[in-house]
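Results of the structural survey
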Amino acid sequence: MTAQTDTQSKAETPTKKLYVKTYGCQMNVYDSERMTETLVGQGYEAVDKPDDADLVLLNTCHIREKAAEKVYSDLGRLRKLERQRGVPMQVGVAGCVAQAEGEEIVRRMPQVDLVVGPQAYHRLPEMLQALRAGKGAQVVTDFPVNDKFADLPQTRKSSGPTAFLSVQEGCDKFCAFCVVPYTRGGEYSRPATDLLTEAKRLVDSGAREITLLGQNVNAYHGAGPDGDWSLARLVREMAKIDDLARIRYTTSHPNDMTDDLIAAHGEIDRLMPFLHLPVQSGSDKVLKAMNRKHDADSYRRLIERIRAARPDIAMSGDFIVGFPGETDEDFEDTVRLIEDIRYSQAFSFKYSPRPGTPAAGAEQVPEEIKAERLLRVQDALAKSEAAFQQTCIGQTMPVLLDRPGKLDGQMMGRSPYLQNVHLMVAAERRGEIVPVKITEAHRSSLGGTLAA
Ligand code: SAH
Ligand code: SF4
Ligand code: F3S
């Protein structure tokens with residue numbers, strides 16, 4: 001469709017309302033923005049409630065059973081809403097559940113009009129067209145031969161001072177518990193020049209901080225003008241964009257933390273001193289069974305090297321408890337690792353067997369043991385997090401003001417270590433990086449006052 005016919009059709013038809021709900025990881029947040037942008041180009045207007053939406057898209061997550069089941073309960077709720085309001089609603093399922101379950105979703109929930117996988121959403125306009133033509137439910141879950149990003153509108157704007165930018169997708173690691181290699185496909189890195197263009201566009205529209213995203217972001221190896229670029233090279237080049245004050249990247253795999261990336265943490269001021277580096281378990285036996293391809297000590301040594309390059313770096317991680325075969329002893333190794341590393345924040349999960357993954361068929365750890373271990377891990381992490389929060393008191397740190405706070409005259413911002421910081425400061429200063437003296441430490445935020 002040309003730009004001209006697009007405007008004409010917009011003028012003739014009233015705007016249709018689109019509601020997108022996002023589950024799961026930051027990559028889904030990014031994809032939701034791109035889907036919205038695509039549909040806004042088709043005459044939709046984004047709204048923040050499903051109540052009077054013409055089209056509802058659920059951008060779903062398949063990582064754990066609970067996440068996937070939530071989609072079905074939300075679909076049930078939407079059906080009820082549709083009945084109550086008496087006006088039909090189109091419903092689409094996107095994201096990783098769409099990829100994993102495909103046609104099955106339409107069989108189970110005949111109200112669903114379209115199912116679109118995470119690598120296929122550039123085809124949404126044609127799918128909606130087919131629906132309008134009365135062609136019945138549309139299901140597209142193939143992995144395209146071309147880069148889907150090339151087929152998306154190149155109009156991306158930042159909606160605030162912080163923005164996400166997907167640079168790499170998919171995963172070739174096949175950890176024994178994980179669905180990502182199946183739902184997102186193999187590793188793919190976007191061309192570096194496209195990313196620099198998109199980053200500049202985000203900065204021009206107000207982003208001061210960009211988080212580079214990938215399921216395995218440090219495996220990035222995208223085509224650059226002079227051969228393939230590593231993530232370190234990409235970060236170095238992005239750091240040259242004038243008004244881009246801060247760069248982050250997530251999520252990384254320990255085995256892809258190369259020397260040049262570690263060095264970048266010591267050399268590039270704009271690369272923020274915070275790193276999410278999941279290890280999952282502290283037991284070598286469990287790590288082997290998980291197919292993580294590293295042991296606990298190599299992870300400890302890696303963190304030492306990263307801290308040598310950037311002494312104040314704050315570490316984050318992910319932990320799975322109750323993986324098949326995990327004994328009390330294995331579990332104690334995980335607690336010990338948590339105590340050794342001193343995380344500033346971390347996520348922990350009970351192992352959830354996922355269909356089609358190697359560990360799903362193994363004998364499972366009983367639910368009550370998983371629950372008990374989760375509590376213990378969370379307790380160890382809470383201690384480590386609280387200790388980190390305490391070290392911040394008395395420090396003056398640069399805070400990027402990014403959103404209004406709960407109180408009148410209050411703003412929230414981000415510290416270099418990805419903490420939420422609240423302070424009293426004029427709302428017009430949104431987007432500025434200001435020095436803040438930290439005076440309070442809470443569980444998931446800091447409080448402070450404007451310094452100077
Ligand atoms: N690519 C990232 C993680 C992606 S999934 C990495 O390699 O670290 C995010 C987190 O969800 C994982 O780190 C893991 O801790 C958790 N997770 C993944 N599959 C899971 C499962 N089957 N059960 C419980 N937690 C899981
Ligand atoms: Fe999943 Fe492992 Fe790949 Fe992370 S590295 S996305 S946990 S398979
Ligand atoms: Fe979930 Fe897919 Fe992200 S399974 S965690 S939405 S890659």
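Since the structure is predicted, the reported quantities are computational estimates derived from the model, not experimental observations.

1. Concerning the overall build of the protein chain
For the protein chain, the helix and strand inventory stands at 14 helices and 21 strands. By the compact-globule yardstick of 22 Å for 452 residues, the protein chain fits well, its C-alpha radius of gyration being 23 Å. Seen through its principal axes, the protein chain has C-alpha atoms that stretch 60 × 60 × 50 Å. The 452 residues of the protein chain split such that 54% are buried. Counted over contacts in the protein chain with a minimum sequence separation of 6, partners at least 24 positions apart contribute 72%. Surface exposure of the protein chain reaches about 20200 Å², of which carbon and sulfur atoms provide 51%. Counting 58 positive and 64 negative side-chain charges, the protein chain places the centres of these two groups 3 Å from one another.

2. A closer look at the sheet that holds strand β15 (residues 314-321)
Note: strands within a sheet are paired through backbone hydrogen bonds, in either parallel or antiparallel orientation. Strand order across the open sheet formed by three strands is β14-β15-β16, with parallel pairing between neighbours. Lying at the two open borders of the sheet, with one neighbouring strand each, are β14 (274-276) and β16 (345-350). On average, adjacent strands in this sheet sit at an angle of 10 degrees to one another, irrespective of strand direction. In this sheet, β15 lies alongside β14 in parallel orientation, the contact comprising three bridges. Counterpart to H276 in the pairing with β15 is S316.

3. Comments concerning the site of ligand 2
In the vicinity of ligand 2, the contacting residues are C171, K173, F174, C175, F177, C178, V180, P181, N216, H253 and R292. Class assignment for the residues of the shell around ligand 2 results in seven nonpolar, two polar and two charged.

4. Some details on the layout of surface pockets
Size it by volume and the second largest pocket reaches roughly 390 Å³. When residues of the lining of the second largest pocket are traced back to their parent elements, those giving at least two are β16 and α14 (367-391). Among the elements that line the lining of the second largest pocket, the one with the most residues is α14, at five residues. There are two domains that each give the lining of the second largest pocket at least three residues, and those are domain 3 (275-392) and domain 4 (396-450).

5. Description of the domain arrangement of the protein chain
Entries for the protein chain in the domain assignment read domain 1 (12-140), domain 2 (156-272), domain 3 (275-392) and domain 4 (396-450). Between domain 3 and domain 4, the contact holds seven residues from the first and 11 residues from the second. For the pairing of domain 3 and domain 4, the buried interface totals around 730 Å² over both sides, and the portion due to carbon and sulfur atoms is 48%. Between the two partners, domain 3 and domain 4, sit zero salt bridges. Linking domain 3 with domain 4 are four residue pairs in polar contact (both at pLDDT 80 or more). Looking at the side of domain 3 that touches domain 4, its residues break down into three nonpolar, three polar and one charged.

6. Looking at helix α13 (residues 328-341)
In this model α13 runs 20 Å from its N-terminal to its C-terminal C-alpha over 14 residues, within 8% of the 20 Å that 1.5 Å per residue would give. Considered for burial, the residues of α13 that qualify are D330, F331, T334, V335, L337, I338 and I341. Projected down its long axis, α13 shows its buried positions confined to an angular sector of 155 degrees, all on one face. Opposite its buried face, α13 presents the exposed residues D328, E329 and E339, each directed more than 90 degrees away. As for α13, its buried residues are in contact with α11 (284-289), α12 (296-309), β15 and α14. Just beyond α13, the residue with positive phi is R342, at close to 60 degrees.

7. Details of the site of ligand 1
Taken together, 15 residues lie near ligand 1, and F177, Q215, Q280, D318 and S352 sit nearest. Between ligand 1 and S352 there is a distance of 2.8 Å, counted from a nitrogen atom to a backbone nitrogen or oxygen. Coverage of ligand 1 by the protein chains reaches 89% of its 540 Å² of free accessible surface. For the shell around ligand 1, the elements supplying multiple residues, two or more each, are β15 and β16. Of the domains in this structure, domain 2 (156-272) and domain 3 (275-392) are the two that each give at least three residues to the shell around ligand 1.

Analysis parameters
Residues numbered from 1 in each chain as written. Chains lettered and ligands numbered in written order. Predicted model: local features only at pLDDT ≥ 70, side-chain atom pairs only at ≥ 80, totals over all residues. Heavy atoms only, no water. Helix = DSSP H or I, 4+ residues; strand = E, 2+ residues; numbered from the N terminus. Rg over C-alpha atoms; globule rule 2.2 N^0.38 Å. Buried < 20%, exposed > 50% of the residue type's maximum accessible area, 1.4 Å probe, protein only. Contact = heavy atoms within 4.5 Å. Areas by Shrake-Rupley, 256 points an atom, 1.4 Å probe, with all protein chains shown as cover. Lys, Arg positive; Asp, Glu negative; His and termini not counted. Charge placed at Lys NZ, Arg CZ, Asp CG, Glu CD. Pairing = 2+ DSSP bridges. Axes fitted to C-alpha atoms, helices over the stretch in contact; angles between N-to-C directions. Near = heavy atom within 4 Å. Nonpolar A, V, L, I, M, F, W, Y, C, P; charged D, E, K, R; others polar. 1 Å grid on protein atoms, 1.4 Å probe; cavity = no way out; pocket = protein on both sides within 12 Å on 5 of 7 lines; lining within 4 Å. Points joined across faces, edges and corners; volume = space filled by probe spheres on them. Domains from an automatic or database assignment. Buried area = accessible area lost by both parts, 1.4 Å probe. Salt bridge = Lys/Arg side-chain N within 4 Å of Asp/Glu carboxyl O. Polar contact = N/O pair within 3.5 Å; in protein donor to acceptor, adjacent residues only side chain to side chain. Expected span 1.5 Å × (residues − 1). Arc of directions from axis to C-beta.

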